[in-house]
Amino acid sequence: MSAPTRTRASAEETPGPAVAPRRRGRNLMEVPVVARIMRSRLYPGVFQVLVAAVFGLVAYQLLVGPDRAHDNAGTALMWVLWWPVIPIVFVVLGRFWCAVCPFGWLSDQVQKLVGVNRPVPLFLKRYGIWIIDAQFILITWADHVWGIVESPWGSGVLLLLLTTAVIVSGAFFQRRTFCRYLCFLGGLSGNYARTGMVELRANQDICRTCTSRAACYNGTDKVAGCPLFTFPRTMDTNANCNLCANCIKACPNDALELRVRKPTSELWFIRTPRIEESFLAMAIMGIVIIQNLTMLEVWGTFLAWIGATTGITSPSAIFTIAFTVAVAAPVGMLVLASQVASRGNLETVKLNFARFGYALIPLDVAGHIAHNLFHLLAEGKSVAFTVMGLFGGAPSDESAALLDTGTIQILQYLVLALGLAGSIYAARRIAHSRYRTEARRRVTLVPMTALIVVLGALNVWMFALPMAHRM
């Protein structure tokens, strides 16, 4: 762990007074074993060591292992196991992955050895989320154009590029600047973590009398400050908390609580909606759609139609057109719904877009999990096969499926149903908390609910069709 960076909380990091108290869930810090773990100097280091070991194996296999994805343990561990499981972790534990991520640990070590601890550039504070949006779209596009997922070497190069960015960021800037402002997975986890079932929050009754000069944010001589530049006392979102427990260890008053809460409940109380975060939610929806479509037979027909209609012969150019349409469609649909709603709720289109984009996050998460359930459950045994191969295991002709296709589809539909219900309910709660009259609520909810239902139905249609395998 890097030495504490004694930077005082700025106005940006302490955005106004603490949020009004809501009904609190159970405080897990009252459970002795949880409290001991969170306060232990071994947490999260033990998890970081284990994850770093697996990460090292994955990176080695991707770069020097078998050229075929089907035979490469790194590809199986990364894309068949880790990528499908990670959104489930976000829903259950928020950004916990970011506390044990090898990139975060690497940034800490670089900063400790050669870091100059410069302040985060204002440009990154203002536009970091847009950079994350662009990265997520670009990486997905590059995957389909250059076959990153299907190529162990391509996946390895992606990891090397990310590692280089982490090292440069850790060498120049304070704390985990890369994780907060530049990591595309951090942006995804920040959005998804809002649906998480666990939250870390400060007890305001204790904080009001605190004289420790924000030890929870600045750290102490023994504990580093918050790596994601978040002031726990005013924190009202999971988006920038990775449950590293630094604030718990640094607080002299035991004011930090780890609470269980209703999934998605954070979405109902966002004080300052940001258009770039809602844009990311809609862009991710488009990316999930494109990921599904490219695994269907109808995709080839669609690309052929674009080529015949436009006269374009370049496969990359044709795909880029289809990709742009798929990613832009959900964004455009939310703009349209926001325009319809603005005629009756007297809000601007921009504000409607920013506010109700968050309501789509549950369906986002559900679509992402449902898509990856196919890879995990239809190809899950490939992880065991390829890892056993590292230790001399013989190749297996056995099916890699953990469950049959019908069972997988039922599970996908159940996940989608939960996401659909979560998004509709979130939109309803946002509207009811924002507008006092039933008329304004109704004119807002009709177009927003229609948008959610259409996107949900599109996902159901795609999951009903046969999909291609990754491994």
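All values reported here derive from a predicted model rather than from experimental measurement.

Caption draft 1: How the structure looks around unusual backbone geometry. That bond from Tyr 43 to Pro 44 is cis: its omega, 0°, falls within 30 degrees of zero. Positive phi outside glycine occurs at Ala 214, with the angle close to 55°. Following the sequence through the fold, Ala 214 ends up in the loop between helix H10 (204-207) and helix H11 (215-218). Positive phi values are uncommon outside glycine, yet Phe 229 reaches one of about 60°. Mapped onto the elements, Phe 229 comes out in the loop between H11 and helix H12 (246-250).

Caption draft 2: Up close: the packing of aromatic side chains. Counted according to the given criterion, the structure contains 20 aromatic pairs. Both rings, one in Trp 79 and one in Trp 83, keep their centres 6.1 Å apart while their planes meet at 70°; by these two values the pair is edge-to-face. Note that Trp 79 and Trp 83 are positioned in helix H3 (residues 73-93) at a spacing of 4 residues, about one turn of the helix. When sorted by exposure, Trp 79 lands in the same class as Trp 83, which is buried. For the ring pair Phe 302 and Trp 305, a centre distance of 6.2 Å and an interplane angle of 10° mean the geometry is stacked. Separated by 3 residues within a single helix, Phe 302 and Trp 305 lie in helix H14 (residues 297-310), roughly one turn from each other.

Caption draft 3: The environment of Ile 88, seen in detail. If you trace the backbone, Ile 88 turns up in helix H3. A residue is classified by how much of its surface remains accessible, and Ile 88, at 34% relative accessible area, is partly exposed. Along the primary structure Ile 88 and Ser 342 are separated by 254 residues, whereas in three dimensions their C-alpha atoms are 35 Å apart.

Caption draft 4: Main features of the pattern of salt bridges. Scanning all chains against the criterion turns up 18 salt bridges. In this structure, the salt-bridge partner of Arg 208 is Asp 205, at a minimum N-O distance of 2.7 Å. Accessibility classification places Arg 208 together with Asp 205 in one group, the exposed group. Measuring nitrogen to oxygen at the nearest pair gives 3.3 Å for the salt bridge that ties Glu 347 to Arg 355. One salt-bridge network, held together by shared partners, links Arg 194, Glu 199, Arg 201, Glu 257, Arg 259, Arg 261, Glu 266, Arg 274, Glu 276 and Glu 277.

Caption draft 5: Main features of the side chain of Glu 347. Within the secondary structure, Glu 347 sits in the loop between helix H15 (315-345) and helix H16 (349-356). Under the relative-accessibility criterion, Glu 347 is labelled buried at 11%. At a separation of 3.3 Å, a polar atom in the side chain of Glu 347 contacts the side chain of Arg 355.

Caption draft 6: Region of the structure containing the side chain of Ser 423. In this structure, Ser 423 sits in helix H19 (residues 405-434). Only 3.0 Å separates the side chain of Ser 423 from the backbone nitrogen of Leu 363, close enough to count as a polar contact. What Ser 423 contacts, discounting residues up to four positions off in sequence, is Ala 359, Leu 360, Ile 361, Pro 362, Leu 363 and Ile 452.

Caption draft 7: Representation of the environment of Ser 399 in the model. Counting through the fold element by element, Ser 399 comes out in the loop between helix H18 (381-390) and H19. Leave out the neighbours within four places in its chain, and Ser 399 touches Lys 381 and Phe 385. Of note is the side chain of Ser 399, whose polar atom sits 3.2 Å from the backbone nitrogen of Ala 401.

Caption draft 8: Main features of the confidence of the model for the chain. Put simply, the chain has an average pLDDT of 87, and 93% of its residues get 70 or more. In the predicted structure, residues 1-21 sits below a pLDDT of 50 and forms 55 contacts with residues beyond four places in sequence or in another chain.

Caption draft 9: Local environment of the environment of Phe 279. Considering the arrangement of structural elements, one finds Phe 279 in helix H13 (residues 275-293). For Phe 279 and Ala 354, which are 75 residues apart along the polypeptide, the C-alpha to C-alpha distance reads 7.8 Å. Sequence-distant contacts of Phe 279, that is, excluding residues within four places in its chain, are made with Trp 130, Asp 133, Ile 137, Val 331 and Phe 353.

Caption draft 10: Examining H14 more closely. An ideal rise of 1.5 Å per residue puts 20 Å on 14 residues; H14 measures up with 21 Å between its terminal C-alpha atoms. Those residues of H14 hidden inside the fold are in contact with H13 and H15. One or two steps after H14, the chain reaches Gly 311, where phi turns positive at roughly 80°.

Caption draft 11: Region of interest: the pairing of strand E1 (residues 198-202). The buried fraction of E1 is high, at 5 of 5 residues. Along E1, one buried face is formed by Val 198, Leu 200 and Ala 202 and the opposite face, lined by Glu 199 and Arg 201, is buried too.

Caption draft 12: Summary view of the state of the cysteines. Tallied over the full model, the rule gives 0 disulfides. In this structure Cys 101 is a free cysteine whose sulfur lies 6.3 Å from that of Cys 179, the closest cysteine sulfur available. Free cysteine Cys 241: the closest other cysteine sulfur is in Cys 247, separated by 6.3 Å.

Procedures and definitions
- Residues numbered from 1 in each chain as written.
- Predicted model: local features only at pLDDT ≥ 70, side-chain atom pairs only at ≥ 80, totals over all residues.
- Heavy atoms only, no water.
- Helix = DSSP H or I, 4+ residues; strand = E, 2+ residues; numbered from the N terminus.
- Phe/Tyr/Trp six-rings, centres within 6.5 Å; stacked < 30°, edge-to-face > 60°.
- Buried < 20%, exposed > 50% of the residue type's maximum accessible area, 1.4 Å probe, protein only.
- Salt bridge = Lys/Arg side-chain N within 4 Å of Asp/Glu carboxyl O.
- Polar contact = N/O pair within 3.5 Å; in protein donor to acceptor, adjacent residues only side chain to side chain.
- Contact = heavy atoms within 4.5 Å.
- pLDDT = per-residue confidence, 0-100.
- Expected span 1.5 Å × (residues − 1).
- Disulfide = S-S within 2.5 Å.

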